[in-house]
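Reading the structure
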Amino acid sequence: MIISEGPRSEAFDPRRFLADLTTQPGVYRMVGEEGVVLYVGKAKNLKKRVSSYFRPTVANARIAAMVAQIRDVQVIVTRSEAEALLLENNLIKEHRPRYNILFRDDKSYPYIFISHHPYPRLAFHRGARKAAGRYFGPYPSGGAVRETIQLLQKLFLIRPCEDSFFQNRSRACLQYQIQRCSGPCVGLIDADAYGVDVGHAVDFLEGRSERIIADLVQGMERAAAALDYEQAARIRDQIARLRQLSERQYVNAEGGGDVDIIALAREAGEVCVQVFSIRGGLNLGNRSLFPRVPDDVADGSLMTAFLGQYYLNREVPSRLILSHPPEDRAVLEDMLTLRRGQKVTLAWQVRGDRARWLEMAIRNVRMTLATRLAGRAGMRERLEALQDALDLDDPPRRMECFDISHTQGEATVASCVVFDEEGPLKSDYRRFNIKDITPGDDYAAMRQALMRRYTRLKAGEGKLPDVLFIDGGKGQVRQALEVLETLQVSGVMVVGVAKGEDRRPGMETLILSDAAQPSILPPGSRALHLIQQIRDEAHRFAVTGHRQRRARARSTSPLEQIPGMGPKRRQQLLKHFGGLQGVCRADVEALAKVPGISRKLAQQIFDSLHDD
């Protein structure tokens, strides 16, 4: 590869530079003051392409503004245009030039990992794939991985725990109790039976759902023939869940291969690109990206720039289905083939199943962009600021925050509020009435709330967050980390929000789970504003719940003290007799005539109300 650079004089002379410029393919860099790279481009003919920037009339005001800042042009000659395209995207990633189309880069991509072990472990994985085992992915997002792992645990009961945890158990852990693990650590399942479950999980991840169902049907028939009807019923329910999943994942097709579907939409100066990943015929989910794009860039150029940057460090599938034809299709295919090491095909005029997939992607990207334009501008900026502040791979898509409220230990309530890309997700808010702890022990209250919340999430009753905020300092953060470790929850970042001096807003200290020292964001930080909003909402929700619980406790009905008298039975009694006074006047025979009240319970009610 030959490197050629233009003169470094302060007054750049384009005519002198162009006179000696080669006509070979390569990459050029426009350099401004103090060596700042303004733009990186590739060309089949360097002389012809670079000359176009210095004509008397330029394409638009943006290019004119860039040309006015040029102090140097540097070129790198390559052997082919495809090689130039690959180098161009590497240089864009390195320099992040302000006049290029820029996509936020990822540090690593998530996988599902099944370890090489007599009893393999199912886990979330990011980073280098060094450990022995099988890796499935890459998935479009961490949320897609966590959702799939939850599903696999529910279907096949594969252990999520670290080997060190597995090797030191004397009794089955909570994962076994909530039916998310078959208990191999204490010999509750033998290696052969466990291996069958792992094989089914692998088949599922490779898109062979029908093979799993066929195996399970045979197992159900064997269990029924052996009169083991309980086992047959469990397998029947497992088959039903798999069939429901297959119906929802209509993209799933036996032998469907590896395909990515890329759709873009633009409106009102905003651009959204969505990537749907299909591996082995199984839909792994999608992710949305919002690039910084000049208004004068055509859709074809945008698609080419996206594909070049997105697949620079990713595994390239054999086929890409696109919503818009890219510029320089042949060169782009050659570049992606060079990256993959095997033939890559681009298509945008497709039929059958692939047309349905593309239609789904286009519909999704348009809906995502419309939602964003409707009210996410401010939220997006704060999420991106939070991503930078916490050094996350992607802007967080789901955040939860916990707070504790009580009055000198009385009526302790924990709150959990949820925020997503749209802001507060109030349908997912939860409160926890804290019981059986030492009054005023905030650590124990936090631990109980977190354990109850994330036990339910591990059981499949919701989605895990990307970031977990805790209103408190190191002690509360330690409780959260211990709970997540106990439940074998991975991929969730824990952040403590400790109040600052004199509890003044803007002085909060962040306790990061993976940082040695606390950090303080500047008072004007958009990330801090978002954290404050989430923390304040959790505090409001906790205080409201505490006040309601305290008020109920101070005006308790005597009926609530009677064992077996739940809310429905109390309500039925009060309606039947017109209020508590009517209940007190009734005898046992009258009480027993109320629907839902047995003779025994009627006697208990009467005795409780007349024990004086």
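Residues numbered from 1 in each chain as written. Predicted model: local features only at pLDDT ≥ 70, side-chain atom pairs only at ≥ 80, totals over all residues. Heavy atoms only, no water.

Turning next to the pairing of strand 17 (residues 467-470). In summary, the side chains of a regular strand alternate between the two faces of the sheet. Going residue by residue along strand 17, you find Val467 and Phe469 tucked away on one face and Leu468 and Ile470 tucked away on the opposite face as well. Where strand 13 (residues 398-407) and strand 17 come together, four bridges link them in parallel fashion. Within the sheet, the bridge partner assigned to glutamate 400 lies in strand 17 and is leucine 468. Relative to strand 18 (residues 493-498), strand 17 runs parallel, the two being bridged by four bridges. By the bridge assignment, valine 467 is partnered in strand 18 with methionine 493. Chirality of the crossover, the property in question, places the unit of strand 17, helix 16 (residues 474-486) and strand 18 among those that are right-handed. (Buried < 20%, exposed > 50% of the residue type's maximum accessible area, 1.4 Å probe, protein only. Helix = DSSP H or I, 4+ residues; strand = E, 2+ residues; numbered from the N terminus. Pairing = 2+ DSSP bridges. Right-handed = clockwise from strand over helix to strand, strands pointing away.)

Paired through their backbone hydrogen bonds, the strands of a sheet run either parallel or antiparallel. The sheet built from three strands is open, its strands ordered 6-5-7 with antiparallel pairing. The two strands at the open ends of the sheet, each matched to only one other strand, are strand 6 (122-125) and strand 7 (133-136). Adjacent strand axes in the sheet meet at a mean angle of 30 degrees, parallel and antiparallel pairs treated alike. Of the pairings in the sheet, the one linking strand 5 (residues 111-115) to strand 6 comprises four bridges and is antiparallel in character. (Axes fitted to C-alpha atoms, helices over the stretch in contact; angles between N-to-C directions.)

Before going further, it helps to examine the pattern of salt bridges. Any two side chains of opposite charge can pair, given that their charged atoms come close. By the definition in use, this model includes 21 salt bridges. Here arginine 363 and glutamate 359 are joined by a salt bridge, their closest N and O atoms 3.9 Å apart. With arginine 363 and glutamate 359 both in helix 13 (residues 352-375), this residue pair falls four residues apart, about one helical turn. A salt bridge links glutamate 400 to arginine 398; the nearest nitrogen and oxygen atoms lie 3.8 Å apart. On the basis of relative accessibility, which here comes to 10%, the residue arginine 398 falls in the buried class. Three or more residues joined by partner-sharing salt bridges are found here, namely Arg398, Glu400, Asp428 and Arg453. (Salt bridge = Lys/Arg side-chain N within 4 Å of Asp/Glu carboxyl O.)

Here we come to the confidence of the model for the protein chain. Averaged over every residue, the pLDDT of the protein chain is 83; residues scoring 70 or more account for 90%. Across the protein chain, strand 17 holds the top mean pLDDT of 94, while strand 1 (residues 2-5) sits lowest at 48. Contacts from residues 1-9, a stretch scored under 50 in pLDDT, to residues over four places away or in other chains number 26 contacts. Within the model, pLDDT remains below 50 along residues 248-255, and this stretch shows 19 contacts once partners closer than five positions in the same chain are excluded. (pLDDT = per-residue confidence, 0-100. Contact = heavy atoms within 4.5 Å.)

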